[in-house]
Amino acid sequence: MGKLELTIDQLLLDSDNPRIGSAANSRDALQKVLDDQGKKLAELAEDIATEGMSPIDRLLVIREKKDGERFIVVEGNRRLAALK
């Protein structure tokens, strides 16, 4: 699979992200990233808002379900959290 154009609403944080441990769901994973990263995440969000995303910092995703419209981010959860 190549490059996909997805909306933020289609992207879910990985609930098995090794940085945060296991989470109950994507929302819980987002809260854990927020709790863990705090000010760093706010700074990342500000940088993305002013500078945009670098093309080399693409998110790596897998489909949530076969033929589904939502995707789990397996690489780039901090960036996704900052975007959300």
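This text gives an overview of the structure that appears in the document. (Residues numbered from 1 in each chain as written. Predicted model: local features only at pLDDT ≥ 70, side-chain atom pairs only at ≥ 80, totals over all residues. Heavy atoms only, no water.)

## Points about the side chain of Asn77
Positionally, Asn77 belongs in helix H2 (residues 77–83). We classify Asn77 as buried; its relative accessible area is 6%. When residues no more than four places from it in sequence are discounted, the contact partners of Asn77 are Leu13, Asp14 and Asn17. (Helix = DSSP H or I, 4+ residues; strand = E, 2+ residues; numbered from the N terminus. Buried < 20%, exposed > 50% of the residue type's maximum accessible area, 1.4 Å probe, protein only. Contact = heavy atoms within 4.5 Å.)

## Here we look at the pairing of strand S3 (residues 71–75)
Across three bridges, strand S1 (residues 11–13) lies against S3 in parallel orientation. Bridged to Leu12 within S3 is Ile72. (Pairing = 2+ DSSP bridges.)

## Description of the sheet that holds S1
In any sheet, the strands associate via hydrogen bonds between backbone groups, in a parallel or an antiparallel arrangement. Across the sheet, which stays open at both edges, the three strands sit in the order S1-S3-S2 with mixed pairing between neighbours. One side of each edge strand has no neighbouring strand; the edge strands of this open sheet are S1 and strand S2 (60–63). The average undirected angle you get between the axes of adjacent strands in this sheet is 45 degrees. (Axes fitted to C-alpha atoms, helices over the stretch in contact; angles between N-to-C directions.)

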